[in-house]
Amino acid sequence: MIWDALTLQLGYNATLVTLGATLLGMAAGVGGTFLFLRKRALVSDAISHATLPGVALAFMVMVAFGGDGRNLIGLLLGAALSAAAGLLLVSWLSNRTRLAEDAAIGSVLSVFFGLGIVLLTVIQTMSAGRQAGLEDFLLGSTAGMLRNDALIIAVAAALTLALVLLLRRPLTLASFDPEYGTAIGQNVPRTDLAMMGLVLAVTVVGLKIVGLILIVALLIIPPVTARFWSERTDHVVLISGALGGIAAYVGAALSAAQPNLPTGPIIVLVGFALFALSLLLAPGRGALSALLRHRRYQRRVHLRQGLLALAHGQPIYEQLTLRLLRAEGYALPDGVATKAGRGRAAKALRDETRWQLIRRDPAYEAAAQQYDGLTPIETVLTADQIREIDSRIDMRGGVMA
């Protein structure tokens, strides 16, 4: 059953829902990247919580006018208006009062979410509200989603993704260097407003699939995960979009295979699994890579100290140092230097003497800043500079190579 869901063999409607969720995940990953880079991740939390009273009010208005209160377009429109009001309120509180942005966000999301819960309670007392299914907007659900609903979500997600990609350059500039953007004529506040509008669109579109409580995770987890794999913004954007799409695809497929599983939490858990794998295995910033770099650095330090000890004829008591020297063929099991070890030790001592002279000479100030005891001096100085330093060492009766 799960394999059928992953290979899109559960029927047309399930396939449409899964593909729509995938487009949503891609849009959330790409759009959330700029939110993450702008250090405004919590704004998405306020937007998502602010959608709930709009959903409830939209249902009540449609029922009052004799319509179907569960019409998805009407519910999403109400969510968008409510979220926009919450976003404007956060902006007003941050700019016109002494409240910090995080305090404004906390105040707005708690008040709007509380109002939404009260309205949902009122709806449950209405005859038309008992089967409304509005609780699906809290955690997301694809079970029972109609074909038209899935099409609406898929098309809206695709349009949002296209807009994010279209605006990626001004969004990148506003995220990294808003002062420069202002200097070259870019309207940074308007760009910020566009970014918030895109986040609002992703949030509203994702309500039915992920739910308003967890949509913030779909906006933030993919960019944070992508950051482990690249330093370049354009690569982070692409990787984040791919990771968001994968998480949404797998989560929606699993939820379709097991209808009792809520869609939103499954998507978030899949996204977290990708984050955990990246945290451990990413080649540049992952924990395993950092551990291996530390091990390599530790071995280099021990090997250097061992060579200096051999050069001075000192005994070696550290077992790791002795093992490394033996593995390189520089020492015998009893710690006595081999012929290759004596030559390598003399070179290490000569280099250390060179570095000491460089660090005392103002003419080599720039080179001296690169001294860490491990960097080969040949990568810092030219052959002529090394010969000049060696001549000064020899004149002073320094160590001979």
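Residues numbered from 1 in each chain as written. Predicted model: local features only at pLDDT ≥ 70, side-chain atom pairs only at ≥ 80, totals over all residues. Heavy atoms only, no water.

A count of helical and extended segments in the protein chain gives 18 helices and 0 strands. Scaling as 2.2 N^0.38, a compact globule of 401 residues should have a C-alpha radius of gyration of about 21 Å, whereas the protein chain reaches 31 Å, well beyond that. Dimensions along the principal axes, computed over C-alpha positions, put the protein chain at roughly 100 × 55 × 35 Å. Out of the 401 residues belonging to the protein chain, those deemed buried represent 46%. Taking the intrachain contacts of the protein chain between residues at least 6 apart in sequence as the baseline, contacts between residues at least 24 apart amount to 68%. Put simply, the protein chain shows about 20,400 Å² of open surface, and 63% of that area lies on carbon and sulfur atoms. Between the centroid of the 34 positive side chains of the protein chain and the centroid of its 26 negative side chains there is a distance of 2 Å. (Helix = DSSP H or I, 4+ residues; strand = E, 2+ residues; numbered from the N terminus. Rg over C-alpha atoms; globule rule 2.2 N^0.38 Å. Buried < 20%, exposed > 50% of the residue type's maximum accessible area, 1.4 Å probe, protein only. Contact = heavy atoms within 4.5 Å. Areas by Shrake-Rupley, 256 points an atom, 1.4 Å probe, with all protein chains shown as cover. Lys, Arg positive; Asp, Glu negative; His and termini not counted. Charge placed at Lys NZ, Arg CZ, Asp CG, Glu CD.)

Along the chain, Leu89 turns up in helix α4 (residues 72-96). Considering only alpha carbons, one finds Leu89 and His302, 213 residues apart in sequence, at a separation of 59 Å.

Before going further, it helps to examine the UniProt feature "transmembrane region" (unreviewed entry) in the protein chain. Residues annotated in UniProt with the feature "transmembrane region" (unreviewed entry) correspond here to residues 12-34, 46-65, 72-93, 105-129, 150-167, 198-224, 236-254 and 266-292. Annotated as 100% helix and 0% strand, the span residues 236-254 places its first and last C-alpha atoms 27 Å apart. Across residues 266-292 one finds 81% helix and 0% strand; the C-alpha atoms that close the span lie 33 Å apart. (UniProt positions renumbered as here; feature names shortened; annotations may be inferred.)

Its place among the elements puts Thr33 in helix α2 (residues 12-37). Judged by relative accessible area, which is 0%, Thr33 ranks as buried. Among the polar contacts made by the side chain of Thr33, one reaches the side chain of Ser240 at a distance of 3.2 Å. Residues in contact with Thr33, not counting those within four places in the same chain, are Pro223, Val236, Val237 and Ser240. (Polar contact = N/O pair within 3.5 Å; in protein donor to acceptor, adjacent residues only side chain to side chain.)

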